[in-house]
Amino acid sequence: MGSTFGETVLSGSLALAIPVAIIAGLVSFVSPCVLPLVPGYLGYVTGLSGSELSDGRRGHLALGVGLFILGFGAVFVSYGLLFGGLGSALREHAELITRILGVVTIGLGLAFAGWIPGLSWQWTSTARPAVGLAGAPLLGVVFGLGWTPCMGPTLAAVQFLAFDEANAGRGALLSFMYTIGLGLPFLLAAFAYRRSMRVFGWLRRHQVALVRFGGVVLIVLGILLATGLWNELIAQMQGWISGFEVVV
């Protein structure tokens, strides 16, 4: 079991892809369609007012946010399963398709950074499930489905990596890591509401730079995929860790 675990988690491909997936989730969080609405999300999934959020009912907050994350995580993981499964089914043509997806990722990075005139990812859904804990998972699902046009560039990059993995399970793992990157700031905001609002104020003031950084990350990833350098890096990392053993 330990050997299998080590091979799965420490494979060169995942060792590179997991940090990218987490960063993509974090960048999605600071995007214009998520960060400004965080207080509203927290109030909606908990049924608490702004003053009640500030008073720090942490258990209630954590439960509501956890259910919300579970909802959109289920959507993203299902995407990963689909793309990973497609990669496995199309393994014979995977190299060509990966290069094409790399070019698409470069375009998505340019768009996300705001360097394609007239293209904006600031889009929101009008669907509103019930307020409170009971509606939190459903709101998470709506968030995962409805906000995809806004988070599309970063989420698509993760799914392209899932395709490159050519394995449904690994695709699901990468999508889970994306969910961690996107969901962790929500949890931090729930546990330290007042302090986090000050931090989010700083993030909003530097939002353009942060989003452009995310766009640059996508562009670099796209270049690596399109040129085949991604697979070369994977091969090198597999050599580095081939002698490493994980005790589990």
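What counts and how
- Residues numbered from 1 in each chain as written.
- Predicted model: local features only at pLDDT ≥ 70, side-chain atom pairs only at ≥ 80, totals over all residues.
- Heavy atoms only, no water.
- UniProt positions renumbered as here; feature names shortened; annotations may be inferred.
- Helix = DSSP H or I, 4+ residues; strand = E, 2+ residues; numbered from the N terminus.
- Areas by Shrake-Rupley, 256 points an atom, 1.4 Å probe, with all protein chains shown as cover.
- pLDDT = per-residue confidence, 0-100.
- Contact = heavy atoms within 4.5 Å.
- Expected span 1.5 Å × (residues − 1).
- Bend = angle between axes of the 7 residues up to and from the residue.
- Polar contact = N/O pair within 3.5 Å; in protein donor to acceptor, adjacent residues only side chain to side chain.
- Phe/Tyr/Trp six-rings, centres within 6.5 Å; stacked < 30°, edge-to-face > 60°.

As recorded in an unreviewed UniProt entry, the chain goes by the name Cytochrome c biogenesis protein CcdA, listed as coming from Phytoactinopolyspora halotolerans. UniProt lists a comment for the chain under the heading Sequence similarities (unreviewed entry), and it reads "Belongs to the DsbD family." Of the chain, the UniProt comment under Subcellular location (unreviewed entry) reads exactly: "Membrane".

**Considerations on the overall build of the chain**
Broken down by element type, the chain carries twelve helices and zero strands. For the chain, the α and β elements follow one another from N to C terminus as α-α-α-α-α-α-α-α-α-α-α-α. As displayed, the chain offers around 11,700 Å² of accessible surface, 68% of which is attributable to carbon and sulfur atoms.

**Looking at the confidence of the model for the chain**
Scored by pLDDT, the chain has a mean of 75; 75% of the residues are at 70 or more. Put simply, helix α1 (residues 2–9) is where the chain has its lowest mean pLDDT, 45, and helix α9 (residues 168–191) is where it has its highest, 88. Confidence over residues 1–10 falls short of pLDDT 50; this stretch has 15 contacts with residues more than four positions distant or in other chains. Scored below 50 in pLDDT, residues 123–129 shows 19 contacts in the model against residues more than four places distant or in partner chains.

**What about α9?**
Taking 1.5 Å per residue as the helical rise, α9 with its 24 residues ought to reach 34 Å, and the 34 Å between its terminal C-alpha atoms agrees with that figure. The sharpest bend along α9 measures roughly 30° and falls at Gly183, with the proline Pro185 sitting one to four residues further on. Its side-chain oxygen placed 2.8 Å from the backbone nitrogen of Gly169, Asn167 serves as the N-cap of α9.

**Focus on the packing of aromatic side chains**
Per the counting criterion, the structure on display carries ten aromatic pairs. When the ring of Phe76 is compared with that of Tyr178, the centres are 5.3 Å apart and the planes differ by 80°; the resulting orientation is edge-to-face. Here Phe76 is found in helix α5 (residues 58–89), whereas its partner Tyr178 is found in helix α9, with 102 residues between them in sequence. By the ring-pair criterion, three or more aromatic residues cluster together here, those being Phe29, Phe68, Phe72, Phe76, Tyr79, Phe143, Tyr178 and Phe186.

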